[in-house]
2 protein chains.
Amino acid sequence: MPDQLTDTSRLCVHTMTTKPLDLKEAIPAYEAAGVKGITLWREHVEPYGPKEVAKMLKDSGLKTVSLCRGGFFPATAGMAREQARTDNRKIIDEAAELGAPVVVLVCGAIPDLDLKTQRQQIAEAIHAIVPHAKGAGVKLAIEPLHPMYAGDRSAVTTMDQANNMILQLGSEQVGIAIDVYHVWWDHFLKAEIERATGTIMAFHVCDWRVPTRDMLNDRAVMGNGCIPINEIRGWVEKAGFHGFIEVEIFSDELWAMDQERYLKRIKNAYLKHV
Amino acid sequence: MPDQLTDTSRLCVHTMTTKPLDLKEAIPAYEAAGVKGITLWREHVEPYGPKEVAKMLKDSGLKTVSLCRGGFFPATAGMAREQARTDNRKIIDEAAELGAPVVVLVCGAIPDLDLKTQRQQIAEAIHAIVPHAKGAGVKLAIEPLHPMYAGDRSAVTTMDQANNMILQLGSEQVGIAIDVYHVWWDHFLKAEIERATGTIMAFHVCDWRVPTRDMLNDRAVMGNGCIPINEIRGWVEKAGFHGFIEVEIFSDELWAMDQERYLKRIKNAYLKHV
């Protein structure tokens, strides 16, 4: 197990973690809490547009880590699959304007197609948009999602599948986003993180609440759940990743509290449990 | 893909599927709907006791398929682990009295221990109760649960883990219960079902609703979700299992409807989508 973190130099927060805050409120609040990186959700960029947001962030002490999120590639109709690629090229352009080096891909899932076919569609779609990403200087991070989202959010449900897809695509432009919430249960996790050496583009943390009362919006602050976050961080660092550690928490309960106090709690939990 | 089922000779329903029905109501309702097998949940046995229930079922046209459920083995304290084994020996005795040939094991999970340690505790506990099960003439079926229950219900989250545990235990008394709800997302599913040849003791069906609104009680009737049930049945039968097909649905929505009408719906869905 790695030593506790002693400062916040690698601490990044997703704007969706503090969903109620407008970006103009979030930026100074993050800075006040000692946060050093920000991952932008498109919902929070939208009111200002990417150019204005890039300016706001340039004047701040925050580094832009990623843009969330592209993906949602599978569809039964070819037209819809083509539309998804067009949308993702726009998202890549948005990331370039924002100065975000990475777009996180939630690959998508629909109930009408088998998962294997969907994974083929996902790989084909990423392959198709790689040249655009390369031209824009933006990387694409495949995020395997928890199997409980296999019906409607991601046909890519394990590190194994993501690693294989990255191998298959064979492009430096494509790597993996590892979120402890999605992969903690996987008994191949340590081996798959090792296999991901050199392709890890993002590392997301939060905790798994017991009991979990909602499939989407009941994530916990680090230390308030059962995920061995510190151990997983050790594996990720052994695999050569020393970038930002991104706090991504969706929680109706936590969104209802004072967000400045919440950010202090996140910082303390980060230093103690990550 | 296997042909549609043409009769209900293999149709079994779990008493928890029709949770609002008392067992005295459930038995004639199942018979009226053409159901041929019944899997008893201890909650429905409790008001009458196993001896009385065995008599009720002997007089009915229903075959007793399994007793749900034993398990919940992991604990931090040795005393609690010993208590769990004692409880499970009682459940085995209950199954013997009921004439249920199989006890389904929901192996258990707690947030305080890592999953690997818990799986070791589970294997040790099953090993410890095997002689008792053998003496009682009752089989033990390990049911791998969906990874979304890894925090509080089962450290055994995949077919792979269950198959390995069965191999490790090496007892004819121990096999697997395959529930499509828990394993449908697994890209090793076909191979792991093949590997389970000769150890399949139960096959549970329902469907995965999109979106799923509740982690526990929002399962769907077969055909109303995204699980390729028919294809999975084909794999299970290729692996030599031709026993009862057990409908196990937990659903607040479906429990609220007229349960006799619901049973007709289950029968129709069984013939069309299983």
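Residues numbered from 1 in each chain as written. Chains lettered and ligands numbered in written order. Predicted model: local features only at pLDDT ≥ 70, side-chain atom pairs only at ≥ 80, totals over all residues.

**Comments concerning the packing of helix H5 (residues 115-136) of chain B against helix H6 (residues 159-169) of chain B**
All names here are of chain B.
- At a closest axis distance of 11 Å, the pairing of H5 and H6 adopts a crossing angle of 45°. The angle between the axes of H5 and H6 places the two elements in the oblique class. Considering only the axes of H5 and H6, their crossing is right-handed. In this structure, H5 contributes Arg 119, Ala 123, Ile 126 and His 127 to the contact, and H6 contributes Gln 161, Met 165, Gln 168 and Leu 169.
- A per-class count over the contact of H5 with H6 returns four nonpolar, three polar and one charged. (Axes fitted to C-alpha atoms, helices over the stretch in contact; angles between N-to-C directions. Helix = DSSP H or I, 4+ residues; strand = E, 2+ residues; numbered from the N terminus. Parallel < 35°, antiparallel > 145°, perpendicular 65-115°, else oblique. Left-handed = near helix turned anticlockwise from the far one by under 90°. Contact = placed C-beta atoms within 7 Å. Nonpolar A, V, L, I, M, F, W, Y, C, P; charged D, E, K, R; others polar.)

**Some thoughts on the pairing of strand S6 (residues 174-179) of chain A**
Residue and element names in this part refer to chain A.
- Counting buried residues along S6, six of its six residues qualify, which places the element largely inside the surrounding structure.
- For the segment spanning strand S5 (residues 139-142), helix H6 (residues 159-169) and S6, crossover handedness is right-handed.
- Sheet topology note: the S6/strand S7 (residues 200-205) ladder contains four bridges and is parallel. When the sheet's bridge partners are listed, Ile 176 is paired in S7 with Ile 200. (Buried ≥ 20, exposed ≤ 12 C-beta atoms within 10 Å, placed from the backbone. Right-handed = clockwise from strand over helix to strand, strands pointing away. Pairing = 2+ DSSP bridges.)

**Quick look at the sheet that holds strand S5 (residues 139-142) of chain B**
- Strands sit in the order S1-S2-S3-S4-S5-S6-S7-S8 (chain B) around a closed barrel of eight strands; the barrel is parallel. Across the sheet, the mean angle from the axis of one strand to that of its neighbour is 30°, orientation sign disregarded.

**Thoughts on the nonpolar core**
- Core analysis: the biggest nonpolar cluster contains 188 residues, and A:Ile142 and B:Ile142 have the highest contact counts within it.
- Other than its neighbours up to four places away in sequence, B:Ile142 contacts B:Leu105, B:Cys107, B:Val156, B:Ala162, B:Met165, B:Ile166, B:Val174, B:Ile176 and B:Ala177. (Core = buried A, V, L, I, M, F, W, Y, C linked by C-beta atoms within 7 Å.)

**A closer look at the confidence of the model for chain A**
- Averaged over every residue, the pLDDT of chain A is 98; residues scoring 70 or more account for 100%.
- Scoring of the predicted complex yields 0.97 for pTM and 0.95 for ipTM. (pLDDT = per-residue confidence, 0-100.)

**Here we look at the relation of the copies chain B and chain A**
- For the pair chain B and chain A, the superposition axis carries a translation of 0.0 Å, the fit reaches an RMSD of 0.0 Å, and the rotation angle comes to 180°. Such a turn and shift between the copies fits a two-fold axis.
- Of all interface residues in chain B, 100% are interface residues in chain A too; the two copies therefore contact each other through one and the same surface. (Least-squares fit on C-alpha atoms with pLDDT ≥ 70 in both.)

**Regarding the interface of chain B and chain A**
- On the side of chain A, 21 residues touch chain B, which itself brings 21 residues to the contact.
- Here the side of chain B that touches chain A is composed, by residue class, of 12 nonpolar, seven polar and two charged.

**Notes on the environment of B:Lys190**
- Among the secondary structure elements, B:Lys190 is positioned in helix H8 (residues 189-195).
- The spacing of B:Lys190 and B:Asp112 is 78 residues in sequence and 33 Å in space, taken between C-alpha atoms.

**Section: the packing of helix H4 (residues 78-98) of chain B against H5(B)**
Residue and element names in this part refer to chain B.
- Direction vectors running N to C along H4 and H5 enclose 30°, while the axes themselves pass 10 Å from each other. As for how H4 packs across H5, the hand of that crossing is right-handed. Where H4 abuts H5, its residues Arg 81, Ala 84, Arg 85, Asn 88, Arg 89, Ile 92, Asp 93 and Ala 96 lie against Gln 121, Ala 125, Ala 128, Ile 129, His 132, Ala 133 and Ala 136.
- Taken together, the residues that form the contact of H4 with H5 break down as eight nonpolar, three polar and four charged.

**Quick look at helix H9 (residues 229-238) of chain A**
Residues and elements named next belong to chain A.
- For H9, the set of buried residues is Ile 229, Ile 232, Arg 233 and Val 236. Looking straight down H9, one finds its buried side chains confined to an arc of 105°; they lie on one side.
- Check the buried side of H9 and you find it contacts S6, helix H7 (180-183), helix H8 (189-195), S7 and helix H11 (259-273).
- In the segment just after H9, Gly 240 is the residue with positive phi, at about 95°. (Arc of directions from axis to C-beta.)

**Let's talk about unusual backbone geometry**
- Here A:Cys68 and A:Arg69 are connected by a cis peptide whose omega angle stands at -5°.
- Checked against the element boundaries, A:Arg69 lands in strand S3 (residues 63-71).
- Here the residue pair A:Val210 and A:Pro211 is connected by a cis peptide bond, since its omega of -5° sits within 30 degrees of zero.
- With respect to the element layout, A:Pro211 can be found in the loop between S7 and H9.
- Despite not being glycine, B:Phe72 shows a phi value in the positive range, around 50°.
- Mapped onto the fold, B:Phe72 is located in the loop between strand S3 (63-71) and H4.

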